[in-house]
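Notes for the structure review
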Amino acid sequence: MVKVVKFGGSSLASAGQFAKAGDIIRSEESRRYVVPSAPGKRNAKDMKVTDMLYACYAAAEAEEDFKLKLKKIKERYDAIINGLNLKLSLEAEFQKIAENFQKKAGADYAASRGEYLNGIIMASYLGYEFIDAAEVVFFDKNGEFEAEKTNKALSRRLKKSERAVIPGFYGAKEDGTVCTFSRGGSDITGSIVAKAAGADVYENWTDVSGFLIADPRIIENPEVIRVITYRELRELSYMGATVLHEDAVFPVRKEGIPINIRNTNQPDEKGTLIVESTCHHSKYTITGIAGKKGFVAVNIDKDMMNSEVGFGRKVLSAFEQNGISFEHMPSGIDTMTVFVHQEEFEGKEQQVLSAIHRIAQPDTIDLEADLALIAVVGRGMRSTRGTAGRIFSALSHANVNVKMIDQGSSELNIIIGVANQDFETAIRAIYDIFVTTQL
């Protein structure tokens with residue numbers, strides 16, 4: 001068996017956390033390839049190393065003295081090295097970083113050094129080979145990830161290495177310029193390495209014991225989802241659930257490699273298993289609840305809309321012309337509603353409304369702002385009658401007015417629109433009816 005293990009920033013924030021990760025890796029021979037993040041916060045008042053690097057580079061770019069900021073970053077790494085009793089010096093690495101900062105090597109280069117340096121420490125601590133991600137993870141000149149080229153190069157490299165550490169978050173363009181994924185991109189690197197290694201499992205170690213049914217900031221001690229499909233995960237991640245980067249599922253999904261979300265601080269917990277498909281029955285009708293605030297509903301009315309060929313296309317073209325993507329589009333015979341991000345829409349609202357009037361000639365347009373969208377997701381909903389009715393009932397009892405409800409054709413999710421002020425109340429009501437009371 002081959003396992004790829006990725007450790008998040010909180011799991012590698014200090015020497016103590018490093019030691020926990022080392023114990024986990026050494027406890028199973030199958031954990032052969034390790035993908036580390038940069039050190040995260042050690043406490044609530046602390047700063048992530050990636051943020052420290054961004055700030056340090058910003059000072060360098062502004063021609064300010066950045067040496068003190070860089071020294072503080074080095075002290076973070078030295079504390080880990082000394083705490084692990086390693087005979088390792090990063091002096092030369094930091095000297096090189098300082099030179100490249102002065103040469104304006106770029107913000108991506110600066111941010112990537114957090115993972116790069118942590119990778120060197122992890123390799124030294126485990127006695128594994130260190131493979132610089134810039135040598136095996138490729139981006140094109142526009143910064144788009146080159147999946148096929150990366151997979152071929154990384155597969156060849158891993159076949160020559162029995163055990164290795166590959167830093168997450170970054171790669172390089174053809175000219176050698178360092179390029180990063182979006183924040184949280186170490187999850188993606190772990191997935192890429194798992195695919196290239198032909199891994200049996202991709203373990204993603206973090207500071208929670210798996211994927212939770214709902215946001216713990218809203219629901220006190222929500223239950224852990226034991227098994228979730230890639231499709232369910234995508235739905236929940238898109239709507240704000242953030243345990244795993246939403247793009248991390250693609251490389252392993254094609255290979256049928258399951259992802260196991262685990263807790264570094266509670267390694268005996270089984271966590272959440274993310275799979276392509278499963279006959280495992282959910283404990284509850286729903287798998288999870290997630291949502292986002294800050295939407296606007298653009299309500300468009302026109303008599304006989306349903307018989308006008310191309311009406312929907314005309315309306316959406318008004319948004320497209322102004323560079324605005326839509327989230328959901330429920331419709332009736334003479335009405336349609338387009339949900340868009342309020343922050344994105346506010347600066348262009350009059351241009352969009354003018355374009356809709358000009359192109360589609362509606363009878364009226366009405367705007368409703370400060371709305372939230374909540375996704376109720378679950379494969380168990382397909383075989384359970386009355387799910388939408390139970391949601392309506394729960395929200396009614398909680399005095400929450402439903403602005404919109406939209407169910408996908410897959411019957412995997414139901415999207416509910418409510419006022420921003422009712423967001424938390426709505427999630428608690430839905431959690432209560434499907435999980436707490438299990439009616």
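The coordinates are above.
Before going into details, it helps to say that this report is about the structure given with it. (Residues numbered from 1 in each chain as written. Predicted model: local features only at pLDDT ≥ 70, side-chain atom pairs only at ≥ 80, totals over all residues. Heavy atoms only, no water.)

**Some remarks on the sheet that holds strand β13 (residues 288-301)**
- The antiparallel open sheet is built from 5 strands, whose spatial order is β14-β13-β15-β17-β16. Because the sheet does not close on itself, it has two edges, and the strands there are β14 (335-341) and β16 (404-407). Sheet twist, expressed as the mean angle between neighbouring strand axes with direction ignored, is 35°.
- Two elements, strand β15 (residues 364-377) and strand β17 (residues 413-419), share 7 bridges in a ladder whose sense is antiparallel. The residue bridging Ile374 from the neighbouring strand is Ile416, located in β17.
- Each of β15, β16 and β17 is contacted by helix α13 (residues 387-397), which is oriented at about 20° to β17, the strand it contacts most. (Pairing = 2+ DSSP bridges. Helix = DSSP H or I, 4+ residues; strand = E, 2+ residues; numbered from the N terminus. Axes fitted to C-alpha atoms, helices over the stretch in contact; angles between N-to-C directions. Contact = heavy atoms within 4.5 Å.)

**Describing unusual backbone geometry**
- Positioned with a positive phi, Asn221 is a non-glycine residue whose angle comes to about 50°.
- Within the fold, Asn221 resides in the loop between β8 (211-212) and β9 (224-225).
- Although it is not a glycine, Met304 adopts a positive phi angle of roughly 65°.

**Remarks on the side chain of Glu203**
- With respect to the secondary-structure elements, Glu203 resides in strand β7 (residues 201-206).
- Discounting residues that sit within four places of it in the chain, Glu203 has contacts with Lys3, Val4, Val5, Lys6, Arg31, Asn260 and Arg262.

**Considerations on the sheet that holds strand β3 (residues 129-130)**
- In spatial order, the strands read β3-β4-β2-β1-β7-β11-β12-β10; together these 8 strands make up an open sheet with mixed pairing. Of all strands in the sheet, those with a lone pairing partner are β3 and β10 (227-229), marking the two edges.
- Inspection of the sheet shows β10 paired to strand β12 (residues 272-275) by 3 bridges, in the parallel sense. When the bridges of β12 are listed, Thr229 appears paired with Val275.
- Helix α7 (residues 186-197) contacts β1 (3-7), β2 (31-36) and β7 of the sheet and is inclined by roughly 155° relative to β2.

**Thoughts on the pattern of salt bridges**
- Tallied over the full model, the rule gives 24 salt bridges.
- In this structure, the salt-bridge partner of Glu28 is Lys3, at a minimum N-O distance of 2.8 Å. Here Glu28, found in the loop between α1 (15-26) and β2, pairs with Lys3, found in strand β1; they are 25 residues apart in sequence, far enough to count as distant.
- We classify Glu28 as partly exposed; its relative accessible area is 29%.
- Salt bridges sharing partners connect three or more residues here, namely Lys3, Glu28, Arg31, Glu203 and Arg262. (Salt bridge = Lys/Arg side-chain N within 4 Å of Asp/Glu carboxyl O. Buried < 20%, exposed > 50% of the residue type's maximum accessible area, 1.4 Å probe, protein only.)

**Some remarks on the environment of Asn413**
- Within the secondary structure, Asn413 sits in strand β17.
- Owing to a relative accessible area of 7%, Asn413 belongs among the buried residues under this scheme.
- Remark: the alpha-carbon pair of Asn413 and Lys173, spanning 240 residues in sequence, is separated by 38 Å.
- A polar side-chain atom of Asn413 sits 3.1 Å from a polar atom in the side chain of Glu235. (Polar contact = N/O pair within 3.5 Å; in protein donor to acceptor, adjacent residues only side chain to side chain.)

**A closer look at the packing of helix α2 (residues 49-61) against helix α3 (residues 67-83)**
- Packing of α2 against α3 leaves a shortest axis separation of 9 Å and a crossing angle of 155°. In terms of orientation, α2 and α3 fall into the roughly antiparallel class. Crossing of α2 against α3: the hand is left-handed. For the pair α2 and α3, the contacting residues are Val49, Met52, Leu53, Ala55, Cys56 and Ala59 in the first and Lys69, Leu70, Lys72, Ile73, Arg76 and Tyr77 in the second. (Parallel < 35°, antiparallel > 145°, perpendicular 65-115°, else oblique. Left-handed = near helix turned anticlockwise from the far one by under 90°.)

**A word on the pairing of strand β11 (residues 259-263)**
- Among the 5 residues in β11, 5 count as buried, and that is most of the element.
- Residues Ile259, Ile261 and Asn263 line one face of β11 and the alternating positions Asn260 and Arg262 line the opposite face, and both faces are buried.
- Here 5 bridges tie β7 to β11, and the two strands are oriented parallel to one another. Bridging from a neighbouring strand, Asn204 pairs with Ile261 of β11.
- Bridging between β11 and β12 involves 3 bridges; their strand directions are antiparallel. Note that in β12 the partner of Ile259 across the bridge is Ile274.

**Some details on α13**
- Here α13 has its buried residues at Thr387, Arg390, Ile391, Ala394 and Leu395. Down the axis, α13 shows its buried residues gathered within 130° of arc, on one side only.
- Where α13 is buried, its residues contact β15, β17 and α14 (423-436).
- Backbone geometry just downstream of α13 places Asn399 in the positive-phi region, at approximately 60°. (Arc of directions from axis to C-beta.)

**Regarding helix α10 (residues 311-321)**
- For α10, the set of buried residues is Phe311, Val315, Ser317, Ala318 and Phe319.
- The inward-facing, buried residues of α10 abut β13, β14, α11 (342-346) and α12 (349-360).
- Directly beyond the C-terminal end of α10, a positive phi value near 70° is found at Gly323.

**Here's the deal with the pairing of β13**
- The buried count for β13 comes to 10 of 14 residues, which makes it a mostly enclosed element.
- Judged from the 12 bridges that link them, β13 and β15 form a sheet pairing that is antiparallel. The residue bridging Gly288 from the neighbouring strand is Val377, located in β15.
- Bridge analysis of β13 against β14 gives 7 bridges, and the strand direction is antiparallel. Bridging across to β14, Ile300 finds its partner in Met336.

**Section: a negative patch on the surface**
- On the surface, a cluster of negative charge is made up of Asp301, Asp303, Asp363 and Asp366.
- Within the element layout of this structure, Asp301 appears in strand β13.
- Residue classification places Asp301 among the partly exposed positions, given a relative accessible area of 32%. (Patch = residues over 30% accessible without salt bridge, like charges linked within 9 Å, V, L, I, M, F, W, Y side chains within 5 Å. Areas by Shrake-Rupley, 256 points an atom, 1.4 Å probe, with all protein chains shown as cover. Lys, Arg positive; Asp, Glu negative; His and termini not counted. Charge placed at Lys NZ, Arg CZ, Asp CG, Glu CD.)

On their own, these measurements won't tell you what the molecule is for.
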